[in-house]
Amino acid sequence: MCGIVGGVFWDGTIDGGTAESAVRAMVQAVGHRGPDGRGVFCSPGAVSGNGRPFAVLGQERLAIIDVSEAGAQPMGGQGGSPCITYNGETYNFAAIRARLERGGVSFNSKTDTEVILRGYDAWGIDVLKELRGIFAFGLWDERSQRLLIARDRLGIKPLYYFRGDGFLLFASEVRAL
């Protein structure tokens, strides 16, 4: 039962430092959801202040599948690559992973989180068609300046969001918003 939080900020009225502080407070609000790690990712636009949209993602982790640091979240984001914060269990992740590996994709962890991230790299938003399980996640794609938030088809894993003037926030729990 991980806690995921984050936001995308696009009109320049909220600076990166303010956004990061807000997301860190949101992570604390879901702190009871996981004792195994805590992390925050700020996209390059949050640091540079260049006026481009940027995202800040946060995670309170309950490690289940890969308890090593290789499974720490938010995951990704190096060099402008997509970054994800994820809560759930993807039942068919081993089959998706095998398919990606046959296509030449390599992995750094044993997590279903990384399988979603690499699936997004390969198929874009169509990765959602491949996923079977219970999940909610936020994924920031720096290249396309897009935040993808998604949950399982039945809504087993919670995902709430709020859209304000120039920003959108999301979280596993309403109180984090």
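Here goes a summary of the coordinates provided. Keep in mind that what you see is a predicted model, and the values were worked out from it rather than measured.

Analysis parameters
Residues numbered from 1 in each chain as written. Predicted model: local features only at pLDDT ≥ 70, side-chain atom pairs only at ≥ 80, totals over all residues. Heavy atoms only, no water. Helix = DSSP H or I, 4+ residues; strand = E, 2+ residues; numbered from the N terminus. Rg over C-alpha atoms; globule rule 2.2 N^0.38 Å. Contact = heavy atoms within 4.5 Å. Buried < 20%, exposed > 50% of the residue type's maximum accessible area, 1.4 Å probe, protein only. Pairing = 2+ DSSP bridges. Axes fitted to C-alpha atoms, helices over the stretch in contact; angles between N-to-C directions. Polar contact = N/O pair within 3.5 Å; in protein donor to acceptor, adjacent residues only side chain to side chain. Expected span 1.5 Å × (residues − 1).

## Some words on the overall build of the protein chain
Here comes step 1: A count of helical and extended segments in the protein chain gives five helices and nine strands.
Here comes step 2: When its helices and strands are written in sequence order, the protein chain yields β-α-β-α-β-β-β-α-α-α-β-β-β-β.
Here comes step 3: For 177 residues, the compact-globule formula gives about 16 Å, and the C-alpha radius of gyration of the protein chain, at 15 Å, lands near that figure.
Here comes step 4: Expressed as lengths along the three principal axes of its C-alpha atoms, the size of the protein chain is roughly 45 × 35 × 30 Å.
Here comes step 5: Once local pairs closer than 6 in sequence are excluded, the contacts in the protein chain between residues at least 24 apart make up 60%.

## Observations regarding the side chain of E60
Here comes step 1: Along the chain, E60 falls in strand β3 (residues 54-61).
Here comes step 2: In this structure E60 comes out as buried when scored by relative accessible area, which is 5%.
Here comes step 3: Setting aside residues no more than four positions away along its own chain, E60 makes contact with C2, G3, V27, V30, G31, R33, G34, G37 and R38.

## Things to note about the environment of L100
Here comes step 1: Counting through the fold element by element, L100 comes out in helix α3 (residues 93-102).
Here comes step 2: Sequence-wise, L100 and C2 are 98 residues apart; in three dimensions their C-alpha atoms are separated by 25 Å.
Here comes step 3: Residue contacts for L100: discarding those within four places in its chain leaves V105, F107, V115, R118, G119, A122 and W123.

## Focus on the sheet that holds strand β4 (residues 75-76)
Here comes step 1: With antiparallel pairing, the four strands of this open sheet are ordered in space as β4-β5-β6-β7. Edge positions in the sheet fall to β4 and β7 (146-151), since each of these pairs with one other strand and no more.
Here comes step 2: Direction of pairing for β4 relative to strand β5 (residues 83-90): antiparallel, over a ladder of two bridges. Residue G76 lies in a different strand from β5, and its bridge partner there is C83.
Here comes step 3: Seen against the sheet, helix α4 (residues 112-123) touches β4, β5, β6 (133-141) and β7 and runs at an angle of roughly 125° to β5.

## Comments concerning the environment of Y120
Here comes step 1: With respect to the helices and strands, Y120 occurs in helix α4.
Here comes step 2: Other than its neighbours up to four places away in sequence, Y120 contacts P82, I125, V127, L139, D141, S144, R146 and L148.
Here comes step 3: Looking at Y120, its side chain comes within polar contact range of the side chain of R146, at 3.0 Å.

## Some points on α4
Here comes step 1: Compared with an ideal rise of 1.5 Å per residue, which puts 12 residues at 16 Å, α4 spans 16 Å between its outermost C-alpha atoms and is within 8% of the ideal.
Here comes step 2: The buried fraction of α4 amounts to nine of the 12 residues, a majority that puts the element mostly inside the structure.
Here comes step 3: When we look at burial in α4, the residues that qualify are D112, T113, E114, V115, I116, L117, R118, G119 and Y120.
Here comes step 4: Among the structural elements, β4, β5, α3, α5 (127-130), β6 and β7 are those in contact with the buried residues of α4.
Here comes step 5: Taken from the residues just after α4, G124 is the one with a positive phi, measuring 65°.

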